[in-house]
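Each chain, letter by letter, is given below.
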Amino acid sequence: MRGSRDPRKIIFIAVAAILVWQIAIPLAILLWGSVSDSRPGAGDFFSVTSFTLDNFARAVEGGRTTDVLINTTIFATGTTALAFVLGTYLAWVVERTNTPFRAFITIMMILRLILPGILTTISWIFLASPRVGTLNHWAMDIFGLSEPPLNIYSMAGMIWVEAMDILPLVFLLMGAALRSMDPSLEEASLVSGKGLLRTTSRITLPLILPAILATIILVLIRGIETFETPALIGIPAQKFTFVVEIWRQTSTTPTDFGLAAVYAVLILAFCSCLLWLYNRMTRHADMFAVISGKAFRPRRTDLGGMRWVTCGASMVIIMFSLGLPMIILLWASFYPPYRGFQPITMDAVPLLSWDNYREVLDNDLVQRAFVNSTFLGLTSATVTVLLITVVAWITVKTKIRGRKWLDHLAFAPIAIPAITMGVAFLWLYLTLPIPVYGTIWILLLLYIARFTAVAMRIMSASMTQVNDELHEAAEVAGASWLRSFRTVTMPLLRPGMLAAWIFVLVHAYRELSASLIVYSHGNEPIGVAIFDIWENGSYGLLSAFGILVVLALVFFSIVARVVSGRYGVKDE
Amino acid sequence: MIEVTSLLKTFEGGAVRAVDDISFTVPAGSVLTLLGPSGCGKTTTMRSIAGLEKPDSGELKVGEKVVYSSRQKVNLRPNRRNVGMVFQSYAIWPHMTVFDNVSYPLKGETDRAALRERTVRALRLVDLEHLADRRAPKLSGGQQQRVALARALVAEPDVLLLDEPLSNLDAKLRDTMRKEIRELQQSLDITTLYVTHDQSEALAISDLVAVMSQGQIVDFGDPERIYSKPRSRAVADFIGMANVVDVSGIRISDGWWLGDSGLGPLVFQGEGDTPHSCSVLIRLEDLQLVGPEEADEANVWPGNVVSVLYLGGYWDCVIDVNGQRLRSQVPRRQRPSAGDRVYVRVSARSCYVLPEDESQPILDADAEEHLAAESSTS
């Protein structure tokens, strides 16, 4: 039609092609790999004759898979239960009570969210290993025990450490749900003569139930895909999970890519079921319209004297989640490198020195990793946010056919375990003659694919809040479609884009399990470097490196806050 | 002018006919209001004209330009249609100042001084010159609405589209803005399409009113005619609250029509052949309370006051006459109260016989023809 050359169609096709290449194609190759007897990159990979169910047969025989399944299940559900209870408690304290120091609790949780999981896992080994664990030493000294009471190398230890890591995620998700609930719904119940208990059970709980279930599902997925704790604690404890098995099959000889693909496909299938449930839950949430985007002043319960008890309990949780791990990491970073690691004692204080920090700044691997991660973080954050802004715009603001499909595709990586994504990328780029394997570019592509989903979540929420009429007004005012997108939609999305950018950047610095599958010498990111140093046993060096990484991440986050405070648009 | 021909717009794959094959013309320099309840298709019609919705078929002309035609395969994008539009939410861009908002449609203007000149002129039109540098979120509702108006007018568009521009304002401001918009429109002599669900707003501001229902135009004409002689019972109900009385056994007596109604015998004015029965419309303000001394006159019936609401300018009364309930606007000084025994009178002249056939929509509402017909009869 004359005059109707709609640039939206072209943009739609372009971003759909990128997402298909980044997400659907690798998974398709992975699926084929799981039923092929060929190794990635071998000539007969695409021939139908390589079809076999042998990989699955190997997975089933010997009963090993059953053990792994049981371990993964106990680990993921235990972690979810513990993290959910503690995280929801903190969210309730901060959003719905008059407990003092609420702002402090929030800041500590955000800080905890940026800490790389590998560092806190290592911290907990320093704290509670039977041999050198500081908490064990203190307990034995104080109570005169002959045996160390805590053993981090156990299923309970794994669950504890991982729950502490997932806690802030629960806190944020549940906090948002509690905050965005219209308080007049509860007030209406109170005015109808129902007490606080009845109101909570009949009104509050049913209203946030979809949010609760959605949170539980997201946390379960995290529990299944997490690598740090199962690798660092689970392997010595002989508790193997799927993620660790996948890593072992691809990186320790004899490698078995077929079996790794089978495991990767198995956890993918399980997480996809969870994602399907999640989509149902959140659709439900829309129906309830509890999350209205409108700013309410939440109804706070006056706890009276009890508020000091809730405050104290919160501080204890923060101490375990953030305080102790940071203290022990600091301690280890100052402990002299040639003496290994020793628990915190007064006797050892005179030995402390800056030696580790001096060594870190001279270390090739550390320098390289820092440069690599900074490149990967900045680039993947920028590319992902720009790409996803366009995708979110299509899915939220246009009526192009196929937009739902695009939405699902962009959100799918939330259910793709990082390591599955890593294995899929490995298969893809070993198979296709595109020379990115062995370079940093495969990591970049992987990061962009992996962070698509979280960026999508932030951007579509932020897009929904921009009234359609603002964009339409620009078009009617004579602006071309591109100009109205650039001058109206983009600036209004800036706070959301900045939030997504920071989120991706921070998570790129934390990334480990996917990188571990596809990295090669020379392009190690920070997570891989820390893992490497850990395996070499240079604990002091590692701790000093960790402290510097934490400082850098905190610095980025503060800069981001300041910048978004200055340029953020407050829409009334 | 705006010319809409056989406009069809469906949703959900044709299941919902939001705009059902309508045609009308807005003559140059006049205001036409699309009036109807929510969901009647009035906003969809306006958005189709602006290019924000793509119709299924039909033809749209803005000024002398065909902006959409399914037959000629033309569908101009909104930025090529040269229309000014005020949105229901005002759509003031919160990240820009008032000046930036208003000057936005002028970005083709390369001469900085001219751009400034024209923007300031538009701001002056709506009395907002002094707020040019203020950030948009810091404006009150009335000011936002003026900014929206200035922005819609600044590029001197062929037509002005107003989508429920007053619905977000409080009652007092609504009255003021209504007057201002009308004055502005008349001084600029700009062709205007106005969408609202508020009858009094439509009557006050328009040269022509098109009443819409379920995607069709069910009445079309100047406000006075629409109000006093609505084309159907549904239109009468929607335009303003009215009593509708069913009359049967109609005969002619002394040049008047006389029939039996639930109230008693009713004398009224009719035209043409007498039907056997019909419905008669009596406006609330045409129903008066009179003293018992007039009890024996024609069109006076006794009744009981059922309920009374004091509305400032008058009392809104419900009166039971022979089991039929009538509503009336009673002057302030009369002070009726519930339970009173009263007499109501209606003048034969103010009764209006509703047309028999009320279901047929108006397929082609040609304003020129319509106005010509109106002026020749009066």
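Residues numbered from 1 in each chain as written. Chains lettered and ligands numbered in written order. Predicted model: local features only at pLDDT ≥ 70, side-chain atom pairs only at ≥ 80, totals over all residues. Heavy atoms only, no water.

**Q** What's the story with the overall build of chain B in this structure? I'm lost.
**A** What chain B contains, in helices and strands, is nine helices and 22 strands. With the principal axes as the frame, chain B shows a C-alpha extent of 80 × 50 × 40 Å. Per-residue burial over chain B gives 53% buried out of 378 residues. Within chain B, contacts between residues at least 6 apart in sequence are counted, and of these 65% link residues at least 24 apart. Accessible area of chain B: about 17,100 Å², with a carbon and sulfur share of 46%. On chain B, the mean spot of the 42 positive side-chain charges and the mean spot of the 53 negative ones are 8 Å from each other. (Helix = DSSP H or I, 4+ residues; strand = E, 2+ residues; numbered from the N terminus. Buried < 20%, exposed > 50% of the residue type's maximum accessible area, 1.4 Å probe, protein only. Contact = heavy atoms within 4.5 Å. Areas by Shrake-Rupley, 256 points an atom, 1.4 Å probe, with all protein chains shown as cover. Lys, Arg positive; Asp, Glu negative; His and termini not counted. Charge placed at Lys NZ, Arg CZ, Asp CG, Glu CD.)

**Q** Explain the packing of helix 5 (residues 117-128) of chain A against helix 6 (residues 134-143) of chain A here, please?
**A** When two helices pack together, their arrangement is given by the angle between the helix axes and by the axis-to-axis distance. Residues and elements named next belong to chain A. Helix 6 packs onto helix 5 with a crossing angle of 20° between their chain directions and a minimal axis gap of 4 Å. Our classification of the angle between helix 5 and helix 6 gives roughly parallel. Seen from helix 5, the contacting residues are W124, F126, L127 and A128; seen from helix 6, they are T134, L135 and N136. Broken down by class, the residue content of the contact of helix 5 with helix 6 amounts to five nonpolar, two polar and no charged. (Axes fitted to C-alpha atoms, helices over the stretch in contact; angles between N-to-C directions. Parallel < 35°, antiparallel > 145°, perpendicular 65-115°, else oblique. Nonpolar A, V, L, I, M, F, W, Y, C, P; charged D, E, K, R; others polar.)

**Q** Is there a simple way to think about the pairing of strand 13 (residues 256-261) of chain B in this case?
**A** A regular strand places its side chains on the two faces of the sheet in alternate fashion. Residues and elements named next belong to chain B. With five bridges connecting them, strand 12 (residues 242-253) and strand 13 associate as antiparallel partners. Residue pairing for strand 13: R251 is matched across the bridge by L258. Turn length for the strand 12-strand 13 hairpin, with the two strands adjacent in sequence and antiparallel, is two residues, and the turn residue D254 shows positive phi of about 55°. With five bridges joining them, strand 13 and strand 14 (residues 264-268) adopt antiparallel strand pairing. Counted as the bridge partner of W257 is F268 from strand 14. (Pairing = 2+ DSSP bridges.)

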